[in-house]
Amino acid sequence: MSNVIIKASKLTRHFEHVKAVQALDLEIEQGQIYGFLGPNGSGKTTAMRMLIGLLSPTSGEIQVLGHALPQQAEAVRLQIGYMTQKFSLYDDLTVLENLKFIANIYGLPVKHQSKRINELLSIYGLEKKQSQLAGSMSGGQRQRLSLAAATLHHPKILFLDEPTSAVDPENRRDFWEQLFDLSDQGTTILVSTHYMDEAERCHKLAILETGIKRADGSPQTLMQNMGANVIEIEAQDLRGLKQSLLPLDGVISAAQLGTRLRVLISDHIQNPVAFLQQQNCIHPQDVLENVRPSLEDVFVTSTGRSTP
Amino acid sequence: MTSWLRIKAIFFKELIQLKRDRMTFGMIVMIPLIQLLLFGYAINTNIRHIPAGVVDMSQTGISRLLIQTVQATQVVDVQHYFQNEEQAQAAIARADIRAVLFIPQDISQRLARHPSVGLGTPASTDEETTRPIAQWIVDGSDTIVAGAIKGLKGMPLVELLNKPANRSVPTFEITLLFNPEQRTVVNIVPGLVGIILTMTMIMFTSAAIVRERERGNMEMLITTPVRPIELMLGKIIPYIFIGSIQVSIILGLGYTLFNVPVNGGLWDLAGATFLFITASLTLGLVISTIAKNQLQSMQMTVFILMPSILLSGFMFPYEGMPEAAQYIAEALPATHFMRMIRGIVAREVDLFAMSYDVYWLALFTLAGLVVASLRFMKRLD
Ligand SMILES: Nc1ncnc2c1ncn2[C@@H]1O[C@H](COP(=O)(O)OP(=O)(O)OP(=O)(O)O)[C@@H](O)[C@H]1O
Ligand SMILES: [Mg+2]
């Protein structure tokens with residue numbers, strides 16, 4: 001038997017007028033870092049809430065750690081940790097008070113509490129902030145506190161909803177180092193994001209758009225099976241060039257990156273460089289280069305959008 | 001299995017939050033303090049100094065003596081004199097005065113024939129002896145003012161006469177138990193305990209669950225293993241202490257400022273108060289599971305508070321209300337508490353003698369806790 005610990009089939013959730021999640025199939029294995037990549041409103045939070053048992057699906061089935069959700073939600077409470085998108089600890093409690101509260105709520109024996117809390121304070125660099133009110137901390141500090149609280153009881157599965165939205169790029173790297181540490185210790189992590197660099201760090205990811213899963217797999221496979229080639233063009237009038245290229249059959253998208261134009265060409269065109277050079281708008285002195293696809297390109301080809 | 005650790009965690013969290021919320025914290029002390037002073041000094045059903053006018057058609061020594069006697073009762077304060085009845089009634093309509101004493105021209109003859117004077121010769125006719133000596137015209141829209149003037153109906157006329165009057169023998173003798181001096185505060189102070197607790201206890205907890213939702217803490221809370229009943233208990237226990245502090249403030253000040261002692265047993269007082277506090281708190285919790293936001297919870301609190309003030313017996317005697325109103329009053333915890341606390345404070349009744357109210361409040365609390373816990377879903381949908 002494989003060690004799939006989160007399994008969803010045909011998971012669907014409708015709100016009054018919105019189909020937030022539509023027929024989502026998922027299989028997440030133990031120890032994986034699994035990413036939900038999608039733009040605003042693509043259903044990341046809704047899907048995550050259903051996988052935790054906070055929202056009932058309109059239809060479809062969920063198994064988490066062998067329990068059917070949402071019916072048996074209480075059975076998995078002690079084994080999962082959830083970091084909400086919006087800060088949900090108490091603003092008017094200090095860092096220490098918040099962590100103590102969580103420790104008691106999760107029934108951590110009193111004699112182990114201060115050891116565990118001190119450990120978390122040092123891992124997440126909050127020692128100097130212990131007696132500061134959570135509400136008065138910066139966005140990044142608050143997200144570190146939320147992660148500390150979500151991991152306090154050593155959950156088997158960690159659900160993180162856009163955990164780094166308020167974190168600067170450098171701290172984001174540190175944050176991810178901590179996620180890798182948790183993953184190495186065997187924690188399964190489901191993380192939602194709309195940052196490409198974060199998505200690229202996941203073992204596997206699902207690209208969501210308007211509640212529908214457009215693609216899934218490891219970042220490498222996704223890039224390999226993207227179904228398009230990426231050509232970068234160095235030329236004079238890039239804006240004009242973009243306008244002329246976009247209407248062409250086979251051109252999926254064109255985006256300006258500094259002095260270059262990054263063009264995605266569908267892979268039913270055998271030789272994309274030759275294809276472009278035949279076009280009138282390309283001049284002989286322009287430089288064309290076939291480059292490695294990025295996750296952003298995968299996102300663009302699978303959703304038809306330019307940014308998540 | 002219910003976990004004390006979790007109840008304790010919620011309890012301390014609530015205490016810390018309360019401590020940091022200076023405004024609410026201040027209200028805990030200020031509400032009972034201010035309300036007690038306001039009501040204690042302001043509410044008085046022994047009406048005095050009602051502004052009044054006089055139309056004196058006789059202008060005799062007798063009529064002036066009558067006016068002085070009326071003044072001496074302190075019930076009215078004669079402020080205006082009028083030429084005729086029309087002027088006087090206009091003044092009542094303008095609310096310059098609340099009542100007018102109309103003294104007819106023939107007051108001397110009327111007085112001479114009045115039974116309290118009992119002038120024997122020539123023999124008075126029945127018609128003569130039943131004629132009052134003067135008339136009060138009163139603004140009857142305020143029944144309490146009207147009642148006070150009505151009280152003057154049988155005013156003794158001793159001072160009006162040079163000779164001792166024929167005393168009329170009262171039909172009943174009345175013995176006033178518990179509050180012989182008829183001081184309003186004896187009834188107001190214990191009643192105020194019920195009203196203030198209704199207000200603060202329901203108000204605090206009616207916001208309890210809604211606030212977690214509005215501030216976004218709910219999504220975290222329902223992901224934890226906390227059980228609804230643990231959450232509910234953890235949220236009401238701090239307020240049991242706070243309610244007790246408020247009761248002490250009211251009754252303590254009631255004793256020192258208004259000289260209203262607690263005649264009954266302190267354990268009976270503690271028991272009754274505990275029952276009422278928990279009943280009010282769970283009522284607040286139920287509201288909190290219904291309301292969508294803090295404004296709604298506030299509105300529902302007022303919805304309960306108004307009938308608690310008007311129907312519980314605080315303002316008007318329960319017995320005087322129509323049957324339908326009595327049924328509504330019976331459904332309010334405040335009505336049961338009003339009976340108990342007044343009994344304990346004024347009449348030295350013990351809790352065993354009021355077991356109906358005791359069971360009622362206990363059952364109300366249990367039912368409230370069950371309803372609130374069942375209504376509280378650990379879901380977002
Ligand atoms: N409680 C709700 N009631 C009605 N509609 C909702 C509710 N929650 C979510 N939706 C709708 O469902 C869709 C998906 O929302 P969701 O919050 O899951 O998106 P998301 O991917 O998490 O977006 P973001 O990146 O902005 O957090 C949106 O169109 C949203 O308006
Ligand atoms: Mg979201």
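What you see is a predicted model, and the numbers here were worked out from it, not measured in a lab.

**Quick look at the domain arrangement of chain B**
Part 1 of the argument: On domain assignment, one finds that chain B holds domain 1 (50-177) and domain 2 (184-380).
Part 2 of the argument: Relative to domain 2 of chain B, the C-alpha centre of domain 1 of chain B lies at a distance of 48 Å.

**Focus: the pattern of salt bridges**
All names here are of chain B.
Part 1 of the argument: For the coordinates displayed, the defined rule picks out 31 salt bridges over all chains.
Part 2 of the argument: Between Asp96 and Arg94 there is a salt bridge, and its shortest N-O distance comes to 3.1 Å.
Part 3 of the argument: For Arg94, a relative accessible area of 53% corresponds to the exposed category.
Part 4 of the argument: A salt bridge links Asp142 to Arg98, with the shortest nitrogen-to-oxygen separation between them at 3.6 Å. Note that Asp142 is positioned in the loop between β4 (135-138) and α7 (143-150) and Arg98 in the loop between α4 (85-93) and β3 (99-103), a separation of 44 residues in sequence.

**Here's the deal with the coordination of the magnesium ion (ligand 2)**
Residue and element names in this part refer to chain A.
Part 1 of the argument: Looking at the metal site, the magnesium ion (ligand 2) is ligated by Thr45 (OG1) and Gln85 (OE1), spaced 1.8 to 2.1 Å from it. Separated by 40 residues along the polypeptide, Thr45 in helix α1 (residues 44-52) and Gln85 in the loop between β6 (80-83) and α3 (95-105) bring together distant segments of the chain.
Part 2 of the argument: A residue is classified by how much of its surface remains accessible, and Thr45, at 17% relative accessible area, is buried.
Part 3 of the argument: According to the relative accessible area criterion, Gln85 is partly exposed, its value standing at 37%.

**Describing the nonpolar core**
Soluble globular proteins tend to bury their nonpolar side chains together.
Part 1 of the argument: In this structure, Phe36, Leu51, Leu99, Leu145 and Phe159 of chain A are the most contacted members of the largest nonpolar core, which totals 127 residues.
Part 2 of the argument: Discounting chain neighbours no more than four positions away, the residues touching Phe36 of chain A are Leu26, Lys44, Ala47, Met48, Leu51, Leu190, Val191, Ser192, Thr193, Ala206 and Leu208 of chain A.
Part 3 of the argument: In terms of nonpolar packing, the next biggest core, distinct from the first, is built from 21 residues, Ile50, Ile67, Val78 and Val145 of chain B among them.

**Things to note about the interface of chain B and chain A**
Part 1 of the argument: Contacts between the two partners involve 24 residues from chain B and, on the opposite side, 31 residues from chain A.
Part 2 of the argument: Across the chain B to chain A interface the summed buried area is about 2500 Å²; carbon plus sulfur atoms make up 58%.
Part 3 of the argument: The interface formed by chain B and chain A holds four salt bridges in total.
Part 4 of the argument: Of the charged contacts in the structure, one is a salt bridge between Glu97 of chain A and Arg20 of chain B, with a shortest N-O distance of 2.9 Å.
Part 5 of the argument: Inspection of the chain B/chain A interface yields 15 residue pairs in polar contact (both at pLDDT 80 or more).
Part 6 of the argument: Elements supplying a minimum of two residues to the side of chain B that touches chain A: α1 (4-20) and α10 (218-221) of chain B.
Part 7 of the argument: Counted by class, the side of chain B that touches chain A contains 10 nonpolar, five polar and nine charged residues.

**Here we look at the domain arrangement of chain A**
It is common to give the size of an interface as the accessible area that goes away when the parts come together.
Part 1 of the argument: For chain A, the assigned domains read domain 1 (4-223) and domain 2 (227-292).
Part 2 of the argument: Computed over C-alpha atoms, the centres of domain 1 of chain A and domain 2 of chain A are 39 Å apart.

**A closer look at unusual backbone geometry**
Residues and elements named next belong to chain A.
Part 1 of the argument: Put simply, Leu69 and Pro70 share a cis peptide bond, and its omega is 0°.
Part 2 of the argument: Topologically, Pro70 is positioned in the loop between β5 (67-69) and α2 (73-76).
Part 3 of the argument: For Leu65, which is not glycine, the phi torsion reads 50° and is therefore positive.
Part 4 of the argument: Tracing the sequence through the fold places Leu65 in the loop between β4 (59-64) and β5.

Conventions and cut-offs
- Residues numbered from 1 in each chain as written.
- Chains lettered and ligands numbered in written order.
- Predicted model: local features only at pLDDT ≥ 70, side-chain atom pairs only at ≥ 80, totals over all residues.
- Heavy atoms only, no water.
- Domains from an automatic or database assignment.
- Salt bridge = Lys/Arg side-chain N within 4 Å of Asp/Glu carboxyl O.
- Buried < 20%, exposed > 50% of the residue type's maximum accessible area, 1.4 Å probe, protein only.
- Helix = DSSP H or I, 4+ residues; strand = E, 2+ residues; numbered from the N terminus.
- Donors = N, O, S within 2.8 Å, 3.2 Å for Na, K, Ca; no water.
- Core = buried A, V, L, I, M, F, W, Y, C linked by side-chain atoms within 4.5 Å.
- Contact = heavy atoms within 4.5 Å.
- Buried area = accessible area lost by both parts, 1.4 Å probe.
- Polar contact = N/O pair within 3.5 Å; in protein donor to acceptor, adjacent residues only side chain to side chain.
- Nonpolar A, V, L, I, M, F, W, Y, C, P; charged D, E, K, R; others polar.

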